[in-house]
Amino acid sequence: MLKLAVIGKDVSKSQSPVMHAFILNAMGERCEYDKVSIAPESFARRAEELFSRYDAFNVTIPFKAEIIPFLKELKGDARAFGAVNTVLAKDRLGFNTDGFGFLLMLTNANICTADRKVLVLGAGGAGRCCIKKLAESGAGVYAYDRSFARLQAVKREVGGFMPLNTIEVMPFDVIVNCTGIGMHDTVGKSPVGNELLSKCATAIDLIYEPEESEFLRLARILGKQTLNGAAMLFYQAYMSDCIYLGKEPSAAQAKELWKTYREEDR
């Protein structure tokens, strides 16, 4: 039985234990999965104990970069993003599965971004991940962030996209909201309005609580294809579990597991 956990500032409401237990059970493995909330000022003192207590663990806000000094090596996207969400404790290896989850979400929703014009809103951790993966998939990527300095920094790190100082009202095939606007104290607000949304074909919001953000509601009313980030969360968890088990991921298997997971009453 695998001993696992999710580590973050406040993971009391995290869906990770149920999600990972479901995926691992379907893949023939059982697990114990803890929620470990750590105050930021205590992280450096408490991080070391994680490696002896768990076989592996997931890392979320705000420790995706803070865990790196405790690791021996970063793999794949973790190296490119400078952020880790998956750790193999014994070998002290760090991975980032967010990009895999994002692209698989698009693929399994039949959303094609190759040679399409895509606007990414937000250049934080999630935005940087999406920008990089979209550019690698052949999309024409435009990005906006309230901090143009941060956007320029991402441009230097990632490249492959057009940074925007202002959001222009122009046609985009896809608009992806990677900001937090629409959740917590901004529920009912959208990062952009009808004028821009009317010119797009597909609106994607990485927010999944609420299930339909104001951004997606406006797009739906305009007759646009909409998608929230719930599948991305599931698929990045699936990829983490493949890493834990040393198995190759399967897009078809992930899609079938997500379908079953959604259908079950939780």
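The shown structure was predicted, so the numbers you read here are calculated from the model rather than taken from an experiment.

A. Expanded view of the nonpolar core. Counting 40 residues, the largest nonpolar core has Ile 23, Phe 102, Met 105, Leu 134 and Phe 234 as its most contacted members. Ranked by residues supplied to this core, first place goes to helix H9 (residues 230-245) with 9 residues. Apart from the residues lying within four places of it in its own chain, the contact partners of Met 105 are Ile 204, Leu 206, Leu 227, Asn 228, Gly 229, Ala 231, Met 232 and Tyr 235. The next biggest cluster of nonpolar side chains, apart from the first, holds 20 residues, and it includes Val 36, Val 59, Ile 67 and Phe 70.

B. Representation of the sheet that holds strand S5 (residues 86-88) in the model. In spatial order, the strands read S2-S1-S3-S5-S6-S4; together these 6 strands make up an open sheet with mixed pairing. For this open sheet the edge positions go to strand S2 (31-37) and strand S4 (73-74), each flanked by a neighbour on one side alone. Inspection of the sheet shows S4 paired to strand S6 (residues 93-95) by 2 bridges, in the parallel sense. Bridging from a neighbouring strand, Glu 73 pairs with Leu 93 of S6.

C. Broad picture of the pairing of strand S1 (residues 2-8). Burial of S1 is extensive: 6 of the 7 residues sit out of reach of the surface. On the question of chirality, the crossover connecting S1 to the parallel S2 by way of helix H1 (residues 16-26) is right-handed. Where S1 meets strand S3 (residues 56-59), 2 bridges bridge the pair, whose relative direction is parallel. The residue bridging Ile 7 from the neighbouring strand is Val 59, located in S3.

Basis of the calculations
Residues numbered from 1 in each chain as written. Predicted model: local features only at pLDDT ≥ 70, side-chain atom pairs only at ≥ 80, totals over all residues. Heavy atoms only, no water. Core = buried A, V, L, I, M, F, W, Y, C linked by side-chain atoms within 4.5 Å. Buried < 20%, exposed > 50% of the residue type's maximum accessible area, 1.4 Å probe, protein only. Helix = DSSP H or I, 4+ residues; strand = E, 2+ residues; numbered from the N terminus. Contact = heavy atoms within 4.5 Å. Pairing = 2+ DSSP bridges. Right-handed = clockwise from strand over helix to strand, strands pointing away.

By themselves, these observations are geometric and do not establish any function.
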